[in-house]
Amino acid sequence: MRFAVVVFPGSNCDHDAYHALADVLGQQVDLVWHKATDLRGPDAVVLPGGFSYGDYLRCGAIARFSPIMDRVREFAAAGGPVIGICNGFQVLLEAGLLPGGMRRNRDLKFICEHVHLRVEASDTPFTRRAAVGQVLRIPIAHGEGNYYADPGTLSELAENRQIVFRYTAPDGAADERRNVNGSTQAIAGICSRERNVLGLMPHPERACEVAVGSTDGRVVFESVLAAAAVPASVAEAI
Amino acid sequence: MKARVYVTLKPSILDPQGKTIAGALHSLGYDAVRDVRQGKYFELDIDAPTVDQTRSLAGEVADRLLANPVIESYRVEVGKP
C-alpha cells in the first residue's frame, strides 16, 4: 500500500510516521512537501504531528492554507482515508475537514506520556481490526489537545458515532482524572461523517514497536492496510 | 488605513490561560480582579479607500484566518484609537 506523509515546515513526526509505515510495516511511503500540488497517487494520506508554522496564530491555522491541502481535501472528498495525528488533527479541524476546535490543555502543561484510549467505533478504516471497548496504550505529546465542540456538534458526533477514541482508565472505565487534557467528553479522536477522515491527538506511529514501549498503535495502520481496495472514484481524483 | 482586531475565546468556552492569570493575580493580593480572559490583538494596515471597506476587509480576514469561529469571537475597530 502507498502512503503519502505530508511535510509542513515544523512537522517533526513525519519521520516517525515514515519509520512506522515503511520500516516496521513494510509499506511504500512518500514524504510530500506542503508546497507540492500532487500527492503522487497514494492509497492513504497521513498529516503528521509537530508544530507546523511554529504553531503561529493557532495550531494548524496556517498549514490549512498550504497548497497540498487542496489535494488532501479532494482525496478525502473522494473517500480516500486521511489520518491526522496530533498537529495533523489540529490541521484537519482548522481546515474544517473535522468538526470542533482545540484549546490549551486544561492545566496548561505540555503533556508527554502514555495514555489509555478506549476504542469507541470499529467501523472506520482505521479501527476495523480493533474491537469496540478495546483499550490501547499510546503516547500523547501536546500542549493544545483539549478538544472542544459545541453541544449541537457533540450530539451530531454521538448520533453519527463519529467519536472513535476516548481517554479512559487502563481497564477502559470512564475516569475524568484520565482525561489528561480536559477534552470535552474525554474525546481523543473523531472521524468524519463519511468515516474516512480520522483525527486523533495520541501518536499511534510511536507505538508500533516493542522497543518504544508499546505496539498498540499498529492496529490503526493495520486496519488501513486491511481496508478494501481503494474505490475507483478515489483513484480518478488523484 | 489602520484596523485593529481583537480575538478572544467565546464567553461560553473555558479559558485555561485566563484562569491561571486570574489565579496569579489573586495570589498577588488583587482579589478585586474577578476574572481574566486572554486574547490576541492584531494591527492591520489596510489599503482601502473608505472606513467601511477597511472594516469589511478586516472582518473578512478575521473570519477566515485571524479567529477560529468554532471557539473564538472577534471585534474590529477602524481609525484612530
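Just so we're clear, the structure is a prediction, and the values are computed from it rather than from any experiment.

Caption draft 1: Inspection of the overall build of chain B at higher detail. Secondary structure assignment for chain B yields 2 helices and 3 strands. Each helix and strand of chain B, placed in order from N terminus to C terminus, yields the pattern β-α-β-α-β. Expected size for 81 residues packed as a compact globule is a radius of gyration near 12 Å; at 16 Å, chain B overshoots this value by more than 25%. For chain B, the spread of C-alpha atoms along the principal axes amounts to about 50 × 30 × 15 Å. Across the 81 residues in chain B, those meeting the buried criterion constitute 32%. By sequence separation, contacts in chain B at least 24 residues apart represent 70% of the contacts at least 6 residues apart. Of the roughly 5,200 Å² that chain B leaves accessible, carbon and sulfur atoms contribute 56%.

Caption draft 2: Representation of the side chain of T184 of chain A within the structure. All names here are of chain A. Position of T184 relative to the elements: it lies in the loop between β9 (163-168) and β10 (187-191). Looking at T184, the relative accessible area reads 17%, which means it is buried. Those residues within four positions of T184 in sequence are excluded, and the remaining contacts are R103, N146, Y147, Y148, A149 and L154.

Caption draft 3: Structural context of the environment of F221 of chain A. All names here are of chain A. Note that F221 resides in helix α5 (residues 218-226). Given a relative accessible area of 1%, F221 falls into the buried group. Each C-alpha atom of the pair F221 and R2 lies 12 Å from the other, and the pair is 219 residues apart in sequence. With sequence-adjacent residues up to four places away left out, F221 is seen in contact with L21, L25, I83, I85, P204, E205 and C208.

Caption draft 4: Spotlight on the packing of aromatic side chains. Applying the stated criterion across every chain, the model contains 3 aromatic pairs over all chains. Between the aromatic rings of F51 of chain A and F110 of chain A, the centroid separation amounts to 6.4 Å while the plane-to-plane angle is 25 degrees, which identifies the pairing as stacked. Of this pair, F51 of chain A sits in the loop between β3 (44-47) and α2 (68-77) while F110 of chain A sits in the loop between β5 (101-103) and β6 (111-119), placing them 59 residues apart in sequence. Pairing Y6 of chain B with Y41 of chain B gives two aromatic rings, centres 5.2 Å apart and planes at 40 degrees, and the pair type is tilted. A residue pair is termed long-range when its members are at least 10 positions apart, and Y6 of chain B in strand β1 (residues 2-9) and Y41 of chain B in strand β2 (residues 39-45) qualify at 35 residues. Taking relative accessible area as the criterion, Y6 of chain B reaches 26% and is therefore assigned partly exposed. Over the aromatic face of Y6 of chain B sits the side chain of R75 of chain B, whose NZ or CZ is 4.4 Å from the ring centroid.

What counts and how
Residue positions are counted from 1 within each chain, in the order its sequence is given. Written order determines the labels here, with chains lettered from A and ligands numbered from 1. The predicted nature of this model means local features are confined to residues of pLDDT at least 70 and side-chain atom pairs, given and counted, to a pLDDT of 80 or more, with totals for whole chains, interfaces and linings taken over all residues. As a rule here, side-chain values cover all heavy atoms of the structure and leave hydrogens and water aside. The helix and strand labels rest on DSSP assignments: H or I over at least four residues marks a helix, E over at least two residues marks a strand, and numbering proceeds from the N terminus. Restricting the calculation to C-alpha atoms gives the radius of gyration, and the globule rule supplies 2.2 Å times the number of residues raised to the power 0.38. Buried residues are those whose accessible area, probed at 1.4 Å on protein chains only, stays under 20% of the maximum for their type, while exposed residues exceed 50% and partly exposed ones sit between those limits. Whether two residues are in contact is decided by their heavy atoms: any pair within 4.5 Å suffices. Each accessible area value is a Shrake-Rupley result obtained with a 1.4 Å probe; residue values ignore everything except the protein chains displayed when judging cover. Geometry of aromatic contacts follows a simple scheme: Phe, Tyr and Trp rings, the Trp one being its six-membered ring, pair when their centres are within 6.5 Å, and the pair is stacked under 30 degrees between planes, edge-to-face over 60, tilted otherwise. Definition used: whenever NZ (Lys) or CZ (Arg) falls within 6 Å of the ring centre and also within 35 degrees of the ring normal, the charge is taken to sit over that ring.

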